[in-house]
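Next come the chains, spelled out residue by residue.
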Amino acid sequence: MFKIYSIVLLAFFSCEIKQEENSINVQVENMQERTSFQDSLSIKKLLSLLMSEAIIEFGRPVSQERFILDDAQGEFRNGISDAFTSEERQGESIEIEELTWEKNEDSWITVWYQVESDKSVPKSALSWNKGAEF
């Protein structure tokens, strides 16, 4: 009886160890995927993709906002404001889609897309530190 009990206990503990190893392997794989994702997320790459392509490649952004560009956008949006002349900003209704992705634990990347009838074209981007004040 002692031998049967010992065998059952040994089998039970070996299953527990195997499950823990599998869990650790999954966590390591997820971490490697996240690291490679972060490494590939760059302003240069994002500016080469339409908005729909960027979402397919890098996933849903952390935040997304749509607005009409005018002269009163603030310091954070200087890059998109500078992509158009003052006359363009005042004379046209320029619709902008602002998407922000997390690059890593310390920084974000925001891309501004001009919304056109059939696509959204990247116009400007900014990489910035979390906690930055504008």
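Residues numbered from 1 in each chain as written. Predicted model: local features only at pLDDT ≥ 70, side-chain atom pairs only at ≥ 80, totals over all residues. Heavy atoms only, no water.

Caption draft 1: Main features of the overall build of the chain. From N to C terminus, the chain includes five helices and four strands. Listed by position from the N terminus, the elements making up the chain come as α-α-α-β-α-α-β-β-β. Residue pairs at least 24 apart in sequence account for 49% of intrachain contacts in the chain once pairs closer than 6 positions are excluded. When the accessible surface of the chain is summed, it comes to about 9300 Å², and 53% of that surface belongs to carbon and sulfur atoms. (Helix = DSSP H or I, 4+ residues; strand = E, 2+ residues; numbered from the N terminus. Contact = heavy atoms within 4.5 Å. Areas by Shrake-Rupley, 256 points an atom, 1.4 Å probe, with all protein chains shown as cover.)

Caption draft 2: Representation of the sheet that holds strand β2 (residues 94-102) in the model. Across the sheet, four strands lie side by side as β1-β2-β3-β4; this open sheet has antiparallel pairing. Across the chains shown, the open sheet's two edge strands, defined by having one partner strand only, are β1 (63-69) and β4 (120-129). Direction aside, the axes of adjacent strands within the sheet are offset by 20° on average. The pairing of strand β3 (residues 107-115) with β4 spans nine bridges and is classified as antiparallel. The residue bridging Tyr 113 from the neighbouring strand is Pro 122, located in β4. (Pairing = 2+ DSSP bridges. Axes fitted to C-alpha atoms, helices over the stretch in contact; angles between N-to-C directions.)

Caption draft 3: Fine view of the pairing of β3. Of all nine residues making up β3, nine are buried, and the element is well covered by its neighbours. Of the two faces of β3, the one carrying Ser 107, Ile 109, Val 111, Tyr 113 and Val 115 and the one carrying Trp 108, Thr 110, Trp 112 and Gln 114 are both buried. For β2 and β3, the ladder comprises seven bridges, and the chain directions are antiparallel. The residue bridging Ile 96 from the neighbouring strand is Gln 114, located in β3. (Buried < 20%, exposed > 50% of the residue type's maximum accessible area, 1.4 Å probe, protein only.)

The quantities given are spatial measurements derived from coordinates; they are silent on function.
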